[in-house]
Number of protein chains: 2
Amino acid sequence: MSGSGSGPSTGSSSPKRVYLDYNATTPLAPEVIKAVEQSMHDAWGNPSSAHEEGARARAVINQARDDVARMIGALPQDVLFMSGGTEANNVVLHCAVTHFRKWCLSQESPIYHHLRPHIITTKVEHDAVKLPLTHRYSIEADVTYLGVENLPEAVLESIRPSTCLITVMLANNETGIMFSVAHIGRLLAEVNKKRDNEGLFKVLLHTDAAQAIGKVPVDVTDLNIDYLTIVGHKYYGPRIGALYIRGLGHKTPVYPLFYGGGQERGYRPGTENTPMIAGLGRASLLVHNNVQDYYASMKKTRNYMERQLKKVFGNQVKINCVDPCIPSDPEACSVPPRGPKQQHFIFPRLPNTSSVSFYYRQVTGPDILRHCRLVQASCGAACHAHTENQSILEASGVCSFHASRTIRLSLGRDTTMEEIDLAIQDIKQAIEKLIGRSV
Amino acid sequence: MSGSGSGPSTGSSSPKRVYLDYNATTPLAPEVIKAVEQSMHDAWGNPSSAHEEGARARAVINQARDDVARMIGALPQDVLFMSGGTEANNVVLHCAVTHFRKWCLSQESPIYHHLRPHIITTKVEHDAVKLPLTHRYSIEADVTYLGVENLPEAVLESIRPSTCLITVMLANNETGIMFSVAHIGRLLAEVNKKRDNEGLFKVLLHTDAAQAIGKVPVDVTDLNIDYLTIVGHKYYGPRIGALYIRGLGHKTPVYPLFYGGGQERGYRPGTENTPMIAGLGRASLLVHNNVQDYYASMKKTRNYMERQLKKVFGNQVKINCVDPCIPSDPEACSVPPRGPKQQHFIFPRLPNTSSVSFYYRQVTGPDILRHCRLVQASCGAACHAHTENQSILEASGVCSFHASRTIRLSLGRDTTMEEIDLAIQDIKQAIEKLIGRSV
């Protein structure tokens with residue numbers, strides 16, 4: 001890792017900063033940087049060229065596709081490289097809606113011909129799923145947005161004859177909550193069997209695995225999904241992504257968003273970004289080989305951080321989605337809990353993420369981060385860093401009082417206990433400055 | 001440059017290869033590689049993050065946007081980074097058609113409400129323009145495909161009340177022919193004034209400048225265009241691109257193809273590929289500072305190559321789009337010309353590109369390249385390297401006899417006369433092997 005053992009190098013400034021925003025982006029692993037560099041020097045040819053320069057680039061891309069596929073237990077031919085997770089998620093929605101429309105038009109009965117596609121999702125998806133749904137598909141499709149409670153059952157209950165797609169993220173970027181996509185996949189397989197007998201459209205299942213990959217093992221067969229979004233820069237890889245499509249083109253439909261030179265078998269044209277693809281492959285290989293270690297290390301350090309937070313802040317701190325909230329009564333929730341021990345582990349969580357809220361009435365999350373000298377963290381998704389947005393937290397069962405007093409601390413593979421101690425002292429001094437007394 | 005003075009390094013194999021396929025892709029300039037590397041180490045933060053890591057990445061992106069804009073004489077705020085030229089071209093078509101439809105629906109008269117958009121283009125565009133037109137817009141739009149003769153006039157004559165977009169490449173990748181987009185721009189400005197008075201839709205003008213940038217000076221004000229496509233890997237930059245949009249969002253319409261986290265002011269969401277953007281900026285700065293030298297150097301070497309080809313092959317060689325063809329009578333054209341001196345410079349050409357055909361009845365372009373030991377070149381676009389495709393040549397006035405016997409030799413900034421001599425000897429031995437005698 002960059003600056004291994006004490007977080008990524010953050011330039012020459014002193015004092016040393018503590019980066020705890022690994023869910024926003026990760027530094028590139030040294031092995032990844034090396035793969036990108038090597039590819040820039042040695043595999044710069046156009047992968048479509050028939051000559052040797054082209055062949056060398058093709059070989060690099062093939063190797064990377066193998067490595068990405070291996071990481072998620074997929075076949076290489078089921079992986080398409082894309083510019084990133086945003087593109088991949090947009091493509092999935094386009095595929096499902098386009099395929100449903102084609103299917104409708106192919107049906108004999110005219111009642112199908114103008115059927116609006118129906119999509120099921122959650123209220124806590126990343127903007128790269130949420131915004132295409134609200135912008136592009138708001139008129140042409142019906143969308144059901146589900147809360148995070150009882151997700152598998154609620155998803156199944158929401159299925160209609162016109163449902164074409166279920167898209168549920170594998171893990172939430174702000175809270176770290178993990179969703180039981182595998183459970184949905186198993187239940188959906190049964191539903192689809194029945195639908196097949198009834199001549200209904202097979203409901204497609206997508207998961208945006210951006211935040212899960214590199215932190216927990218991800219296997220497409222276990223998940224029983226049709227599409228899975230892969231985002232390099234969330235797992236120490238470069239700023240490109242990939243889309244897994246089960247039985248690409250024959251089992252699961254794929255329609256390109258672009259047309260052009262025929263690259264990626266025509267499903268994603270545009271001259272391949274060989275160096276970034278090489279880097280994505282290398283990052284995937286690292287995950288394939290080490291994800292259990294990454295998981296264990298991050299979880300140990302994250303748990304240490306949460307224990308230390310409780311030690312330092314006592315009842316004035318709350319771990320969102322672990323410690324309970326009263327979303328219906330933020331006023332009541334604003335009083336630090338007394339009495340019985342708090343309820344724990346309501347949801348399974350990513351091993352590296354803590355959504356932490358503080359019970360200081362006059363202090364918001366952004367206030368704390370502005371007064372931190374060392375901690376580099378955020379209040380939620382980086383894309384919302386310059387706006388106020390608590391909707392994900394509130395949809396995750398956090399009351400508005402706590403949501404506005406939350407910071408997200410997301411750890412990396414090499415985050416150390418020493419960094420955690422520094423970070424907590426830094427947060428403590430920030431809050432003390434804000435409240436004008438000791439915590 | 002990589003392997004400066006004698007073409008890019010092509011591995012440890014011997015004998016040394018001569019890369020003459022710079023229109024397919026270029027190696028990365030050493031300065032570009034350095035910028036990408038530096039950014040991977042120092043600017044890996046999420047540019048949307050409010051903390052310092054984010055700020056450092058934003059600064060890199062802002063600098064790159066300035067540099068790209070300066071190269072084409074644009075304002076930085078009129079430049080959007082994209083994954084490549086394919087995406088940029090697809091976005092332009094999407095913008096024009098979407099804006100036209102919105103405009104139609106906003107008109108009082110119902111005759112506009114179902115008007116089909118009309119697009120004017122050439123028969124020689126890259127697949128990243130041609131294929132979206134034939135695939136995505138074949139049903140929902142009318143498209144006029146023009147030959148390359150009398151282009152400005154033919155374009156103007158083809159304008160209809162429903163015309164929303166003219167898209168003409170600045171230079172062709174296979175022949176090197178340059179099109180008078182500036183002339184179209186001037187004439188179109190007059191037409192648009194009249195259309196404005198008549199309450200008609202303003203016709204938008206786009207040029208795909210992928211092959212022109214880095215070889216000839218390109219200035220968006222001179223060109224008088226609304227959209228211009230920029231492709232890094234054609235000018236020693238990385239595998240991303242950018243789209244220039246004159247008066248982005250207020251003068252010229254832009255509608256995103258994706259939705260997501262709001263990056264690039266929401267017009268192109270997705271976490272920014274900072275290292276590649278940094279590299280694109282550096283490549284653009286090099287072009288801004290040196291394009292006149294690049295032009296002069298490439299033209300000198302290319303002209304030397306064409307003279308040497310004539311010396312070695314005499315009347316058995318023809319430079320397409322310079323030496324005349326009889327497209328209507330390929331049989332007549334198959335006889336090497338005798339008599340009067342050939343006509344020259346029918347079209348202005350890129351300084352680095354020669355589309356060369358050989359008069360040996362039994363020998364095709366692919367045959368020659370397969371028997372070359374050193375030359376790394378292609379018969380046309382790299383995207384067609386594995387298929388037969390002569391349509392661009394034939395649409396450029398090359399007869400089918402010569403089209404099938406053509407190889408494209410495209411030179412780089414550092415291609416040397418020594419490499420040219422090696423290449424010509426290599427082509428000579430390939431042809432002699434194929435015809436079983438001296439040329």
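Note that this is a predicted model, so its numbers are computed, not measured.

Conventions and cut-offs
- Residues numbered from 1 in each chain as written.
- Chains lettered and ligands numbered in written order.
- Predicted model: local features only at pLDDT ≥ 70, side-chain atom pairs only at ≥ 80, totals over all residues.
- Heavy atoms only, no water.
- Domains from an automatic or database assignment.
- Buried area = accessible area lost by both parts, 1.4 Å probe.
- Salt bridge = Lys/Arg side-chain N within 4 Å of Asp/Glu carboxyl O.
- Helix = DSSP H or I, 4+ residues; strand = E, 2+ residues; numbered from the N terminus.
- Nonpolar A, V, L, I, M, F, W, Y, C, P; charged D, E, K, R; others polar.
- Expected span 1.5 Å × (residues − 1).
- Buried < 20%, exposed > 50% of the residue type's maximum accessible area, 1.4 Å probe, protein only.
- Contact = heavy atoms within 4.5 Å.
- Polar contact = N/O pair within 3.5 Å; in protein donor to acceptor, adjacent residues only side chain to side chain.

1. So, the domain arrangement of chain A
Residue and element names in this part refer to chain A.
Point 1. Partitioning chain A into domains gives domain 1 (18-28 + 291-435) and domain 2 (31-287).
Point 2. Here the C-alpha centre of domain 2 lies 30 Å away from the C-alpha centre of domain 1.
Point 3. Together, the buried faces of domain 1 and domain 2 total about 3,000 Å²; carbon and sulfur atoms form 58% of this surface.
Point 4. The largest contributions to the domain 1 side of the interface with domain 2 come from L28, L350 and I392, which together make up 22% of the buried area.
Point 5. Applying the counting rule to domain 1 against domain 2 returns zero salt bridges.
Point 6. Looking at the side of domain 1 that touches domain 2, the elements with two or more residues in it are α8 (274-313), β10 (353-358) and α11 (391-395).
Point 7. Sorting elements by how many residues they give to the side of domain 1 that touches domain 2 places α8 first, with five residues.
Point 8. Across the side of domain 1 that touches domain 2, the residue classes tally to 19 nonpolar, twelve polar and four charged.

2. As for helix α2 (residues 52-71) of chain B
Since one α-helical turn is 3.6 residues long, residues separated by three or four positions face the same way.
Point 1. Across its 20 residues, α2(B) extends 29 Å between first and last C-alpha, which sits within 8% of the 28 Å expected from 1.5 Å per residue.
Point 2. Considered for burial, the residues of α2(B) that qualify are B:E53, B:G54, B:A57, B:I61, B:A64, B:R65, B:D67, B:V68, B:A69 and B:M71.
Point 3. Tucked into the core, α2(B) has its buried residues touching β1 (18-19) and β11 (375-376) of chain A together with β2 (79-82), β7 (227-231), β8 (241-245) and α8 (274-313) of chain B.
Point 4. B:G73 lies just past α2(B) and shows a positive phi near 65°.

3. Overview of the interface of chain A and chain B
Point 1. The interface of chain A with chain B comprises 65 residues on the first partner and 65 residues on the second.
Point 2. Carbon and sulfur atoms supply 58% of the area buried between chain A and chain B, which totals about 5,200 Å² over both sides.
Point 3. Area buried by chain A at its contact with chain B is led by A:W44, A:R239 and A:Y259, which between them contribute 16% of it.
Point 4. For the interface between chain A and chain B, the tally reads four salt bridges.
Point 5. Notably, a salt bridge pairs B:E53 with A:R17, separated by 3.7 Å at the nearest N-O pair.
Point 6. Counting across the interface, chain A meets chain B through 28 residue pairs in polar contact (both at pLDDT 80 or more).
Point 7. The leading source of residues in the side of chain A that touches chain B is helix α4 (residues 127-136) of chain A, at six residues.
Point 8. Split into classes, the residues belonging to the side of chain A that touches chain B amount to 26 nonpolar, 26 polar and 13 charged.

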